[in-house]
Amino acid sequence: MLKDHTASVQGQFDRLRRFQPVWAALSYPQRAKLIRGFRDLLLVKTEELADILTREVGKPRAQSFREIRGAVERIDFFLENTEAALKSEIISKEEIIEFEPLGVIANISAWNYPYLVGTSVFIPALLTGNTVLYKPSEFASLTGFKIQELMHEAGIPSDAFTALIGNGRVGQELLAVPVDGVFFTGSYATGLKVAKACAAKMISVQLELGGKDPVYVCDDVNLAWAAEQIADGVFYNAGQSCCAVERVYVQNSIHDGFIEQFLIHARKLKLGEPFDESTTLGPLTRSAQVDLLEAQVKDAVSKGARLLCGGTRAEFSDRFFPPTVLMNVNSSMRVMQEESFGPIIGIQRVEDDEEAIRQMNDTQYGLTASVFSGDETRARSILSRVNTGTAYWNCCDRVSPRLPWSGRKNSGTGSTLSKRGIQAFLRPKAWHLRMPVAN
Ligand code: NAD
């Protein structure tokens, strides 16, 4: 059984390998027209797609809608910027750089934002002339099928884009065929396995992994406003965002006031059925995550933390976890070290900027960090000393198609989005051209 299936991944790969030069030989406007068709279908079918996504991963329907619209915005960015990235650089008459597609790429993806993390990879990959084997998460298989269906409906051949539906075993099989690039989004634990599987292959490997993203609230902010912004960064999508706020550090003098304001917003959230329009906090996608969240609360409380709200799964279902806020936390606690990926937050008191910088860097992850302060110079000076790929001043949990998305430390390697996230799917060819000497 496994053997037959492996053969079929190899078969799919062979098809895409054969077709890749044909796809790359199309003019850019021809490829762009097909991708624009896919983009337009996302808009026409947003209602249907949002229903499927909400049914599948449980995010409130308005958030599914927003995700699909966000994906369209990303596609527009790629459509506007890819042609320029394909242009040769003419250094002189004798030296030229051309840009060629990598070939066949594997895109192994996560379930938490399947449209956003998917389009960041497969759209620039296709526009630059690569063919794509796309493995959606097994927790977002219906969405993965739907993406494939719309691609093909838009006229993108199945030999250019094919979805491989299945779990991690299919991911392993995909890594066993000789693709030319692997673009992975998922947890650090799986990312490490992917990196090891690719180590001997000498191909491009990009890893977008987890985070434990901190926010530091300085003593010169409007507390009510900052608390509202940060609560949104903690609880949006039930905290299941790679760049969700996972740790909050608050300067001593405003600590109690911040917690008071923060709790107002945490208590406003409505936990419930995701198709109910009043719901702002849906279920967790994987029930196993609920066990982790409870274990983090237990560990923190046993080490001296104070639980201010939430803390255990909802009585009506194992899949729901209420907004959970802990104070008196410190860096020895799991909730301040491990990715939680849920609606839970630890809030820690710090004396000054130096202590905040030390605490923010005290993690294995390095995806984003944020400072809320009335003083831009102060905030930027703090953030320049925090080892993350993204720095936010007075905002958080935000991704822009125009800026590179890249992790440091255990948050991964490489960049998607921005012009760099287009170049990632190209390799340079350096031409040295010398005129012959006359006979
Ligand atoms: P995951 O690591 O469990 O799975 C990711 C993908 O890898 C899935 O498609 C899965 O089937 C596949 N997979 C599992 N085992 C594999 C193996 N041995 N070989 C090859 N593929 C394998 O992650 P998840 O639960 O889907 O996603 C949540 C994680 O993703 C969180 O850690 C989150 O922070 C991270 N994430 C990061 C970003 C980012 O941009 N940095 C974006 C979204 C999600």
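This structure is a prediction, so every number in the text was calculated from the model and none was measured.

1. Structural notes on the layout of surface pockets
- Size it by volume and the second largest pocket reaches roughly 400 Å³.
- What lines the second largest pocket is a set of 18 residues, among which Gln 63, Asp 232, Leu 269, Thr 279 and Thr 280 lie closest to the centre.
- Of the residues forming the lining of the second largest pocket, the biggest block, four residues, is contributed by helix H9 (residues 223-235).

2. Some remarks on the packing of helix H4 (residues 61-86) against helix H5 (residues 114-127)
- The geometry of H4 relative to H5 is characterised by a closest axis approach of 9 Å and an angle of 20 degrees between their N-to-C directions. As summarised for this structure, H4 and H5 are arranged roughly parallel, according to the angle between their axes. The way H4 lies across H5 gives a crossing that is right-handed. When H4 is examined against H5, the residues Glu 67, Ile 68, Gly 70, Ala 71, Arg 74, Ile 75, Phe 78, Leu 79, Thr 82 and Leu 86 are found in contact with a partner set consisting of Pro 114, Tyr 115, Leu 116, Val 117, Thr 119, Ser 120, Ile 123, Pro 124 and Leu 127.
- Classifying every residue of the contact of H4 with H5 gives 13 nonpolar, four polar and two charged.

3. Here we look at the site of the ligand
- Close to the ligand lie 29 residues; Glu 138, Ser 187, Thr 190, Leu 209 and Glu 339 are nearest.
- Contact between the ligand and Glu 138: an oxygen atom at 2.6 Å from a side-chain N or O atom of the residue.
- Residue Gly 186 places a main-chain N or O atom 3.2 Å away from an oxygen atom belonging to the ligand.
- In isolation the ligand offers 850 Å² of accessible surface; the protein chains occlude 92% of this area.
- Contributions of two or more residues to the shell around the ligand are made by helix H7 (168-176), strand E6 (181-185) and helix H8 (188-198).
- Among the elements that make up the shell around the ligand, the one with the highest residue count is H7 (four residues).
- Residues belonging to the shell around the ligand are distributed by class as follows: 11 nonpolar, 12 polar and six charged.

4. Details of the nonpolar core
- The biggest cluster of nonpolar side chains holds 83 residues, and the ones touching the most others in it are Phe 38, Val 217, Ile 230, Phe 258, Phe 262 and Val 325.
- The dominant element in this core, judged by the number of residues it contributes, is H4, at nine residues.
- Those residues in contact with Phe 262 that lie beyond four places of it in its chain are Ala 227, Ile 230, Ala 231, Val 234, Phe 235, Val 325, Ile 345 and Ile 347.
- By size, the runner-up hydrophobic cluster in this structure holds 28 residues, among which are Val 329, Met 336, Ile 382 and Val 386.

5. Here's the deal with empty space enclosed by the protein
- With the rule as written, the count across this model stands at one cavity of 30 Å³ or more.
- If you go around the largest cavity, the residues you meet are Asp 213, Pro 214, Val 215, Cys 243, Val 245, Thr 368, Ala 369, Ser 370, Tyr 392, Cys 396 and Asp 397.
- Only strand E8 (213-217) and strand E14 (368-372) provide two or more residues apiece to the lining of the largest cavity.
- Among the residues making up the lining of the largest cavity, the classes are represented as seven nonpolar, two polar and two charged.

6. Some details on the packing of helix H2 (residues 28-44) against helix H6 (residues 141-153)
- Close contact between H2 and H6 brings their axes to 8 Å; oriented N to C, the two are set at 125 degrees. With respect to H6, the axis of H2 lies oblique. Considering only the axes of H2 and H6, their crossing is right-handed. Facing Phe 38, Leu 41 and Leu 42 of H2, the residues of H6 in contact are Ile 147, Leu 150, Met 151 and Glu 153.
- Residues belonging to the contact of H2 with H6 are distributed by class as follows: six nonpolar, no polar and one charged.

7. Quick notes on the sheet that holds strand E1 (residues 89-90)
- Across the sheet, three strands lie side by side as E1-E2-E20; this open sheet has antiparallel pairing. The open sheet is flanked by E1 and strand E20 (426-432), the only strands paired with a single partner.
- Relative to strand E2 (residues 95-101), E1 runs antiparallel, the two sharing two bridges. Across the sheet, residue Glu 89 finds its bridge partner in E2, namely Ile 97.

8. Quick word on the packing of aromatic side chains
- Scanning all chains against the criterion turns up 11 aromatic pairs.
- Centre to centre, the rings of Phe 122 and Phe 161 are 5.2 Å apart; their planes meet at 75 degrees, and the pair counts as edge-to-face. Note that Phe 122 is positioned in helix H5 and Phe 161 in strand E5 (residues 161-163), a separation of 39 residues in sequence.
- In this structure Phe 122 comes out as buried when scored by relative accessible area, which is 0%.
- Classification of Phe 161 by relative accessible area gives buried; the value is 0%.
- For the pair Phe 316 and Phe 320, a centre-to-centre distance of 5.0 Å together with 50 degrees between the ring planes defines the contact as tilted.

What counts, and where the lines are drawn
- Residues numbered from 1 in each chain as written.
- Predicted model: local features only at pLDDT ≥ 70, side-chain atom pairs only at ≥ 80, totals over all residues.
- Heavy atoms only, no water.
- 1 Å grid on protein atoms, 1.4 Å probe; cavity = no way out; pocket = protein on both sides within 12 Å on 5 of 7 lines; lining within 4 Å.
- Points joined across faces, edges and corners; volume = space filled by probe spheres on them.
- Helix = DSSP H or I, 4+ residues; strand = E, 2+ residues; numbered from the N terminus.
- Axes fitted to C-alpha atoms, helices over the stretch in contact; angles between N-to-C directions.
- Parallel < 35°, antiparallel > 145°, perpendicular 65-115°, else oblique.
- Left-handed = near helix turned anticlockwise from the far one by under 90°.
- Contact = heavy atoms within 4.5 Å.
- Nonpolar A, V, L, I, M, F, W, Y, C, P; charged D, E, K, R; others polar.
- Near = heavy atom within 4 Å.
- Polar contact = N/O pair within 3.5 Å; in protein donor to acceptor, adjacent residues only side chain to side chain.
- Areas by Shrake-Rupley, 256 points an atom, 1.4 Å probe, with all protein chains shown as cover.
- Core = buried A, V, L, I, M, F, W, Y, C linked by side-chain atoms within 4.5 Å.
- Buried < 20%, exposed > 50% of the residue type's maximum accessible area, 1.4 Å probe, protein only.
- Pairing = 2+ DSSP bridges.
- Phe/Tyr/Trp six-rings, centres within 6.5 Å; stacked < 30°, edge-to-face > 60°.

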